[in-house]
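Coordinate analysis (summary)
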Amino acid sequence: MTSFGAAPSGDHLSPSTRSGYEKIPWWQRVIIYEIATISFQDSNGDGKGDLAGLLSRTDYLEWLGIGAVWLTPVYPSPMLDLGYDIADYCAIDPTFGTLDFDRLIQELHQRDIRLILDFVPNHTSDQHPWFLESRSSRRNPKRDWYIWADPSDNGGPPNNWQSRFSGSAWQWDDTTGQYYYHSFLREQPDLNWRSPAVREAMAEVLRFWMKRGVDGFRVDASAVLAKDELLRDNPVDPEADESKPPPQRYKNTFTDDRPEAMTYLADLRKVVGEFDERMLCGEVQGKTDRIGHFYGQDNPRLHLPLNFALLDSPWDAISLQANIDAYLNAIPDKAWPDWVVGGHDKHRIASKLGQAQARNLAMLLLTLKGTPFFYAGDELGMEQITIPADRVTDPFEKLVPGYDLNRDPERAPMRWDDSLNGGFSKGEPWLPMGLGVAERNVAVLQKDDRSLLQLYKRLIALRVSEPGLIVGDYVPVPSRNDILTYRRVVDGEAIFVALNLVPEARRLTWQGAGRLLLTTHLDQFHGERVRGPLLLRPDEGVVIKLKD
Ligand code: GLC
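What you see is a predicted model; the values in this text were computed from it and never measured. (Residues numbered from 1 in each chain as written. Predicted model: local features only at pLDDT ≥ 70, side-chain atom pairs only at ≥ 80, totals over all residues. Heavy atoms only, no water.)

Before going further, it helps to examine a positive patch on the surface. A cluster of basic residues, Arg 515, Arg 529, Arg 531 and Lys 547, forms a positive patch on the protein surface. Counting through the fold element by element, Arg 529 comes out in strand β17 (residues 529-531). (Patch = residues over 30% accessible without salt bridge, like charges linked within 9 Å, V, L, I, M, F, W, Y side chains within 5 Å. Areas by Shrake-Rupley, 256 points an atom, 1.4 Å probe, with all protein chains shown as cover. Salt bridge = Lys/Arg side-chain N within 4 Å of Asp/Glu carboxyl O. Lys, Arg positive; Asp, Glu negative; His and termini not counted. Charge placed at Lys NZ, Arg CZ, Asp CG, Glu CD. Helix = DSSP H or I, 4+ residues; strand = E, 2+ residues; numbered from the N terminus.)

Here the focus is the domain arrangement of the protein chain. Bring the parts together and some accessible area is lost; that lost area is often taken as the interface size. In terms of domain boundaries, the protein chain breaks down into domain 1 (15-124 + 199-461), domain 2 (129-181) and domain 3 (473-546). One C-alpha centre belongs to domain 1, the other to domain 2; they are set 30 Å apart. Taken together, the 24 residues of domain 1 in the interface contact 18 residues of domain 2. When domain 1 packs against domain 2, close to 1700 Å² is buried across both sides, 66% of that on carbon and sulfur atoms. When the area that domain 1 buries against domain 2 is broken down by residue, the three leading residues are Lys 227, Leu 231 and Pro 247, summing to 29%. If you look at where domain 1 meets domain 2, you find one salt bridge. A salt bridge links Arg 164 to Asp 256, with the shortest nitrogen-to-oxygen separation between them at 2.5 Å. (Domains from an automatic or database assignment. Contact = heavy atoms within 4.5 Å. Buried area = accessible area lost by both parts, 1.4 Å probe.)

Between helix α11 (residues 355-367) and helix α14 (residues 452-465), the least distance of the axes is 10 Å, while the angle of their chain directions is 15°. Taken together, the axes of α11 and α14 lie roughly parallel to each other. The handedness of the crossing between α11 and α14 is right-handed. Here Gln 355, Ala 358, Arg 359, Ala 362, Met 363, Leu 365, Leu 366 and Thr 367 of α11 come into contact with α14, specifically with Leu 452, Leu 455, Tyr 456, Leu 459, Ile 460 and Arg 463. Of the residues assigned to the contact of α11 with α14, the class counts are ten nonpolar, two polar and two charged. (Axes fitted to C-alpha atoms, helices over the stretch in contact; angles between N-to-C directions. Parallel < 35°, antiparallel > 145°, perpendicular 65-115°, else oblique. Left-handed = near helix turned anticlockwise from the far one by under 90°. Nonpolar A, V, L, I, M, F, W, Y, C, P; charged D, E, K, R; others polar.)

A separate point is the side chain of His 109. Mapped onto the fold, His 109 is located in helix α4 (residues 101-110). Within the structure, His 109 has its side chain in polar contact with the side chain of Asp 215 (distance 2.7 Å). (Polar contact = N/O pair within 3.5 Å; in protein donor to acceptor, adjacent residues only side chain to side chain.)

Another point: the packing of helix α6 (residues 196-211) against helix α7 (residues 259-273). Packing of α6 against α7 brings their axes to within 10 Å, and their N-to-C directions diverge by 35°. For the element pair α6 and α7, the recorded crossing hand is right-handed. On the side of α6, the interface is formed by Arg 199, Ala 203, Leu 206, Arg 207 and Met 210, while α7 contributes Tyr 264, Asp 267, Leu 268, Val 271 and Val 272. The class makeup of the residues in the contact of α6 with α7 is seven nonpolar, no polar and three charged.

Of all five residues in strand β11 (residues 371-375), five are buried, a share of seventy percent or more. Burial along β11 is two-sided: Thr 371, Phe 373 and Tyr 375 facing one way and Pro 372 and Phe 374 facing the other are all buried. Bridge analysis of strand β1 (residues 32-35) against β11 gives three bridges, and the strand direction is parallel. Bridge pairing links Tyr 33 to Phe 374 in β11. By the bridge criterion, three bridges tie strand β10 (residues 338-340) to β11 in an arrangement that is parallel. Within β11, the residue paired with Asp 338 across the bridge is Thr 371. (Buried < 20%, exposed > 50% of the residue type's maximum accessible area, 1.4 Å probe, protein only. Pairing = 2+ DSSP bridges.)

Turning to the site of the ligand, a few remarks are in order. Around the ligand there are 13 residues in total, and Asp 81, His 123, Asp 220, His 344 and Asp 345 lie nearest to it. In the model, an oxygen atom of the ligand is placed 2.8 Å from a nitrogen or oxygen of the His 344 side chain. The side chain of Asp 345 places a nitrogen or oxygen atom 2.4 Å from an oxygen atom of the ligand. Compared with its free state, where it exposes 300 Å², the ligand has 98% of that area covered by protein. (Near = heavy atom within 4 Å.)

A few words on the environment of Ile 470. By secondary structure assignment, the location of Ile 470 is in helix α15 (residues 468-471). Residue class for Ile 470 comes out buried when judged on its relative accessible area of 3%. Separated by 255 residues in the primary sequence, Ile 470 and Asp 215 have C-alpha atoms spaced 20 Å apart.

Right, let's talk about the confidence of the model for the protein chain for a bit. Overall, the prediction assigns the protein chain a mean pLDDT of 94, with 96% of residues at 70 or greater. Within the model, the stretch residues 1-11 combines pLDDT values under 50 with 27 contacts to residues more than four positions away or in other chains. Across residues 14-19, where pLDDT falls below 50, the model places six contacts with residues more than four positions away in sequence or in other chains. (pLDDT = per-residue confidence, 0-100.)

Applying the stated criterion to the full structure yields 27 aromatic pairs. Ring geometry for Phe 131 and Tyr 180: centres 4.9 Å apart, planes at 70°, overall edge-to-face. You can see Phe 131 sitting in helix α5 (residues 129-136) and its partner Tyr 180 sitting in strand β6 (residues 178-181), a full 49 residues away along the chain. Here Tyr 180 falls in the buried class, since its relative accessible area comes to 3%. (Phe/Tyr/Trp six-rings, centres within 6.5 Å; stacked < 30°, edge-to-face > 60°.)

What follows is about the sheet that holds β17. Strand order across the open sheet formed by six strands is β12-β13-β14-β19-β16-β17, with antiparallel pairing between neighbours. The sheet terminates laterally at β12 (473-476) and β17, the two strands that pair on one side only. The mean angle between the axes of side-by-side strands here comes to 35°, regardless of whether they run parallel or antiparallel. Along the sheet, helix α9 (residues 317-330) contacts β12 and β13 (483-490); its crossing angle with β13, the most-contacted strand, is approximately 40°.

See below:
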């Protein structure tokens, strides 16, 4: 395990002194890139990505224009759930940490890249010393750090609450003759956030990492932090059908989104506010219309509750335009939006849309108003890989097979080149690499001027040269004829975006004139004068700077 020396001083990024849009907080300005650490780059041949591997790939992050990386958990863990079962919040697991963590932060900061850690406040591993103490006796001082309850009158679990990963969320414990509660695996007991001591211990975890220079946190499962104190049964969801796994056939009225959880998030925000320029984003689950609560109004909660509206929307111009509006209407005035198009729990978007439309998705993500999040490999158009039955690692798939819930297919290792295992590892990768590594990898796509990877890079660079894409208002233009349209407007300047979402040419009945800044096809002279109406080619998206 990596041991920590004295916390480094003064290596934190200083506030930007440049002018204009760069005065806005960094987390409104940057691209946030999620890295499943175990799948990014292995340095020691054990088939698992690690921090030394990541350190060796910082050139790539800088080349692409990434402004912040969010790492999935790197803490000591039995790794039953990709490290979301944490046994020590303030150390690095030996799998990841063969080097001093501080070096990684320094290296990233030198390149103007922020570091966001995953913060998992809802539950620990059952191997965490806190839980070992808690379960040792009813009189242990840490007993109330977790949620313990007596059996119901019939001797079964205290109520009908279901684990997200199937079955009752209550686990019987023989030693002390009570049940404990687990929202996820039984090896992931939930902490009891009603305990002030737990809240203080978790605040200290945040401070520990912020003192080391960490710029922000992604709060895992923030919606489930508090559960109903009366342990009332959840009602059956009348809209749920057999196509959903059993836990999802209940409404989570008494386990999710409780008012107390919102208070706890506001408390965490205050802790983050003790340090300069730090940011809290978080997984909020649930429907778009609930997302606004997670920002908070007078008592701020998360800076960026993660928004999956683009991933979940049907891929047509009318639905997308409506879903974009629904989300923007659901967040408080002045709240800063965000858009997430990939992640370690989400099926790869390129598999859903196909490679041609994955280019429009990139253009959409990087030209909407709000902080863009994507997941390592999305910029290569990585798709779901096939996992043979004997290689399944995801507990979700193991516990509820057959519901298309397996998350391994989106967690396959990054492909860097066409050498052994795509350059990811000299050993057997922890998950299969999948097909087509030789054709779709960083090195190949970097050499191809028109690749999706180059499109990502160009779009990211465009946001810097056209700050209207970052700060400009989102102004919808009625979408017609399978073309999604909107403008971004700031200081009298306007940028027009039109995305043809079908594989056939479509006429854009737009009457304006301007300069073409980018086409998803990357084959036209940029800066060329264009005048509407335009014929968009199959699957083509364009960004046009309008004349005044
Ligand atoms: C979050 C994580 C997911 C994990 C779960 C339990 O939803 O994103 O990967 O399985 O929490 O920690």
